[in-house]
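Here is how the chains run, residue by residue.
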Amino acid sequence: SPAEGAEGNQLSWTWLGAGEESTDPAKGFRIYRWNPATSTYEKIADLGAGAFEYFDTGAKRGTTSYYWVTGVLADGTESVPAGDWTVTAPVD
């Protein structure tokens, strides 16, 4: 079901590697969220090259979420994660 407008966490970023001479622009991005139950970052989204924001409707209200964003290069490898981003969702 669709999420209410106030639910979830909105992430936004700029791809710093895009302007560097020796770095290929990202062909996409991957979003990871920390799962305290498994003590790992778990992939929650694959996004296209033009994406510079993501709305995580799976974030629990009133909790703190930690995120990584990686750039996916043409050969399929990922950049070093940009993170750890911390977002605290409002309680109400």
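Up top you'll find the structure we're talking about.
Residues numbered from 1 in each chain as written. Predicted model: local features only at pLDDT ≥ 70, side-chain atom pairs only at ≥ 80, totals over all residues. Heavy atoms only, no water.

## Topic: the environment of Trp 68
Mapped onto the elements of the fold, Trp 68 is located in strand 5 (residues 64-72). Along the backbone, Trp 68 and Val 80 are twelve residues apart, and their C-alpha atoms lie at a distance of 9.2 Å. (Helix = DSSP H or I, 4+ residues; strand = E, 2+ residues; numbered from the N terminus.)

## Things to note about the pairing of strand 3 (residues 40-48)
Where strand 2 (residues 28-35) lies against strand 3, eight bridges are found, and the strand directions are antiparallel. Within the sheet, the bridge partner assigned to Asn 35 lies in strand 3 and is Thr 40. If you look at the hairpin formed by strand 2 and strand 3, you'll find four residues sitting between the two strands, and Ser 39 has a positive phi there, around 55°. (Pairing = 2+ DSSP bridges.)

## Observations concerning the environment of Ala 26
By the secondary structure assignment, Ala 26 is in the loop between strand 1 (9-12) and strand 2. In sequence terms Ala 26 and Gly 50 are 24 residues apart; their C-alpha atoms lie 9.1 Å from each other.

## A look at the packing of aromatic side chains
Following the criterion strictly, the structure yields five aromatic pairs and no others. Feature note: the residues Tyr 32, Trp 34, Tyr 41 and Trp 68 constitute an aromatic cluster, connected by ring pairs. (Phe/Tyr/Trp six-rings, centres within 6.5 Å; stacked < 30°, edge-to-face > 60°.)

These figures come from the coordinates and say nothing about function on their own.
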